[in-house]
Amino acid sequence: FRDCTVSGPGTTDGTSPAPEYNQTAFQFTNPTAYGTTEQIVISGCTITKCGNWAWTGAGDPDAHGVSLGTYFQDFWIVDNTFSYMSGCAVQIGAGTTGANPLASVSRRIYTGRNTAHHIAQTAFFTKQSDITIWSQNVAYEMRRDCPSSPNSCGIGCQYGPRNMWVIGNTVHTCQGGFQTQA
């Protein structure tokens, strides 16, 4: 995917996050172990209005710019701009599957030279993953009062990602710079 614009039907006015507004722009799911998906690049794209970034109600309206599930490797997310999302700009590794959970994690993910602003949750976030690199990204103006993510940060992780590198990123006007959760 190169040099594209994805503008969802999302809103920024705080109204209800109806299902049609909770759409992730690039959602990569590979829920079964039929094989690993490899060598995907998202570059030079503008991705905006996924979900309702101003939502103040209950629930967790996860509408991300890029959401990467299990069984992916060699994935590049570079030189993109993300804005106005109720979830994360990029979220990696939402879950593991099978008898050997480590075999299902996404691995060798490079996210670099991206800009994210006006994101309700954390700009760049990984859950279960192996060899994840966050490099030269810029994150600013994350929501400071998001009910589903009260500590909105520039970069974060949860559920024990392995071999994560955070190199040369810039984070400002956010609740925090980097956060790790249980």
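Shown above is the structure to which this text applies.
Residues numbered from 1 in each chain as written. Predicted model: local features only at pLDDT ≥ 70, side-chain atom pairs only at ≥ 80, totals over all residues. Heavy atoms only, no water.

(A) View of the sheet that holds strand 15 (residues 162-167). Spatially, 3-6-9-12-15 is the arrangement adopted by the five strands of the open sheet, whose pairing is parallel. Among the strands making up the open sheet, the edge pair consists of strand 3 (37-43) and strand 15. Averaged over all pairs of adjacent strands, the angle between strand axes in this sheet comes to 5 degrees, irrespective of strand direction. Alignment of strand 6 (residues 72-78) against strand 9 (residues 106-112), held across five bridges, turns out to be parallel. Residue pairing for strand 9: isoleucine 77 is matched across the bridge by threonine 111. (Pairing = 2+ DSSP bridges. Helix = DSSP H or I, 4+ residues; strand = E, 2+ residues; numbered from the N terminus. Axes fitted to C-alpha atoms, helices over the stretch in contact; angles between N-to-C directions.)

(B) Representation of the pattern of salt bridges within the structure. Following the criterion strictly, the structure yields four salt bridges and no others. Of the charged contacts in the structure, one is a salt bridge between arginine 107 and aspartate 130, with a shortest N-O distance of 3.9 Å. Residue arginine 107 is located in strand 9, and its partner aspartate 130 is located in strand 12 (residues 129-135); the two are separated by 23 residues in the primary sequence. Exposure remark for aspartate 130: the relative accessible area of 10% places this residue in the buried category. In this structure, the salt-bridge partner of arginine 162 is aspartate 130, at a minimum N-O distance of 4.0 Å. Of this pair, arginine 162 sits in strand 15 while aspartate 130 is found in strand 12, placing the two residues 32 residues apart along the sequence. (Salt bridge = Lys/Arg side-chain N within 4 Å of Asp/Glu carboxyl O. Buried < 20%, exposed > 50% of the residue type's maximum accessible area, 1.4 Å probe, protein only.)

(C) Structural context of the pairing of strand 14 (residues 153-158). Of all six residues in strand 14, six are buried; the element is thus mostly enclosed. Relative to strand 14, strand 11 (residues 124-126) is paired through three bridges, and the arrangement is parallel. Along strand 14, the bridge assignment pairs phenylalanine 124 with isoleucine 155. By the bridge criterion, five bridges tie strand 14 to strand 17 (residues 176-181) in an arrangement that is parallel. Paired with glycine 156 across the two strands is glutamine 179, which belongs to strand 17.

(D) Representation of the pairing of strand 4 (residues 46-50) within the structure. Bridging between strand 1 (residues 5-7) and strand 4 involves three bridges; their strand directions are parallel. Residue serine 7 lies in a different strand from strand 4, and its bridge partner there is threonine 48. With four bridges connecting them, strand 4 and strand 7 (residues 81-85) associate as parallel partners. Residue threonine 46 lies in a different strand from strand 7, and its bridge partner there is threonine 81.

(E) Layout of the packing of aromatic side chains. Per the stated rule, a full pass over the model turns up four aromatic pairs. Geometrically, the ring pair formed by phenylalanine 1 and phenylalanine 26 is edge-to-face, given 5.0 Å between the ring centres and 65 degrees between the ring planes. Taken together, the positions of phenylalanine 1 in the segment before strand 1 and phenylalanine 26 in strand 2 (residues 26-28) put the pair 25 residues apart, joining distant regions of the chain. Between tryptophan 76 and tyrosine 110 the ring centres are 5.0 Å apart and the planes differ by 50 degrees, which places this aromatic pair in the tilted class. One end of the pair, tryptophan 76, is in strand 6; the other, tyrosine 110, is in strand 9, and 34 residues separate them in sequence. (Phe/Tyr/Trp six-rings, centres within 6.5 Å; stacked < 30°, edge-to-face > 60°.)

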